[in-house]
Amino acid sequence: YFTDDSYVLGYFFGNGWATVENRAINVTQNYAPSKTVNVTIPKGLTTVLIGNQVYMAYGTFSGFTTIQYVTLPSNTLTKIDSYAFYGCGSLTGIDIPKGVTIIGEGAFAGSGLESIEIWNPVISNSQFANCKRLHTVIAHNTVKEIGYGAFTGCSMLENLTPILFDAYSGLF
């Protein structure tokens, strides 16, 4: 989780840097010595539509506090890496496609999610830790394991659709 605006996108563009100018975030990514890509993202970004990605990298939107809703590609995305939405306190909604089979540790920790539907086989360690507004979790019968502390600090959690009693080691 980054508190400095210059790192507000976490590792979205890999090894690069960002600066804040005139209510926008300017990201520079160096792919090779001769190839530089510059991207400008509005600082008040609230909705994100992700195209045909197969993988969301570590810390993709870590600490991006203005995002409220994310639409993920339903046909291509297979992995959301650790801390991808960590600390996204305004993020209240995301639809995780059935094709996502891996979600990393702490991927949504500290986010503003209110409800979530899960299809992937493993709910990782601390995946939803400290999601203070999370009240409903629908975990389908495809979920076979729930990691340690997956829902720790989720004080509003009232509805957890359970599937396997054995899966709940260290749940809270």
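The text that follows walks through the structure, step by step, so that each part is easy to find. Here the residue index of a chain counts from 1 through its sequence in written order. Residue-level local features of this predicted model are given only where pLDDT is at least 70; pairs of side-chain atoms are given and counted only at 80 or more, and the full residue set underlies all totals for whole chains, interfaces and linings. Based on all heavy atoms of the structure, the side-chain values leave hydrogens and waters out of the count.

Topic: the overall build of the protein
We apply this condition: Helix and strand definitions here come from DSSP, where helices need a minimum of 4 consecutive H or I residues and strands a minimum of 2 consecutive E residues; each element is numbered from the N-terminal end. Only heavy atoms matter for contacts: two residues are in contact if any of them lie within 4.5 Å across the pair. Areas reported here follow the Shrake-Rupley algorithm with a probe of radius 1.4 Å; residue values treat only the protein chains shown as occluding.
Helix and strand counts for the protein stand at zero helices and 14 strands. Considering only contacts in the protein between residues 6 or more positions apart, those separated by 24 or more positions represent 26%. Taken as a whole, the protein presents about 8,900 Å² of accessible surface, with 52% of it coming from carbon and sulfur.

Things to note about unusual backbone geometry
Convention followed: Relative accessibility thresholds used throughout: buried, under 20% of the residue-type maximum; exposed, over 50%; partly exposed, between the two (1.4 Å probe, protein chains only).
At Y83, a position not held by glycine, the phi torsion is positive, near 60°. Relative accessible area serves as the criterion here: at 25%, Y83 is assigned to the partly exposed category. At N130, a residue that is not glycine, the phi angle is positive and equals roughly 60°. Mapped onto the elements of the fold, N130 is located in the loop between β11 (122-123) and β12 (136-139). What makes N130 partly exposed here is its relative accessible area of 40%.

Let's talk about the packing of aromatic side chains
For the record, the criterion: Only centres within 6.5 Å qualify two rings of Phe, Tyr or Trp (six-membered ring in Trp) as a pair; their planes then separate them into stacked at under 30 degrees, edge-to-face at over 60, and tilted for everything else.
Applying the stated rule across the entire model yields six aromatic pairs. With centroids separated by 5.6 Å and ring planes inclined at 15°, the aromatic side chains of F61 and F85 adopt a geometry described as stacked. Residue F61 is located in the loop between β5 (55-56) and β6 (69-71), and its partner F85 is located in the loop between β7 (79-80) and β8 (93-95); the two are separated by 24 residues in the primary sequence. Overall, the relative accessible area of 4% leaves F61 in the buried class. Residue classification places F85 among the buried positions, given a relative accessible area of 0%.

Some details on the nonpolar core
Going by this rule: Throughout, nonpolar core names a set of buried Ala, Val, Leu, Ile, Met, Phe, Trp, Tyr and Cys residues whose side chains join them through atoms within 4.5 Å.
Counting 35 residues, the largest nonpolar core has I80, F85, F108, F128, L134 and F151 as its most contacted members. Elements with a minimum of two residues in this core: β10 (115-118) and β12.

Quick look at the sheet that holds strand β14 (residues 159-161)
Let me state the cut-off plainly: Strand pairing follows a simple DSSP-based rule, namely that at least 2 bridges must link the two strands. The axes used here are C-alpha line fits, helices contributing only the stretch in contact, and every angle between their N-to-C directions lies in the interval 0 to 180 degrees.
Sheet architecture is open: three strands sit in the order β10-β12-β14, paired in parallel fashion. Every other strand in the sheet has two partners, leaving β10 and β14 as the edge strands with one partner each. Geometrically, the sheet is characterised by an average inter-axis angle of 5° between neighbouring strands, direction not taken into account. Bridge analysis of β12 against β14 gives three bridges, and the strand direction is parallel. From the neighbouring strand, I138 faces β14, where its bridge partner is T161.

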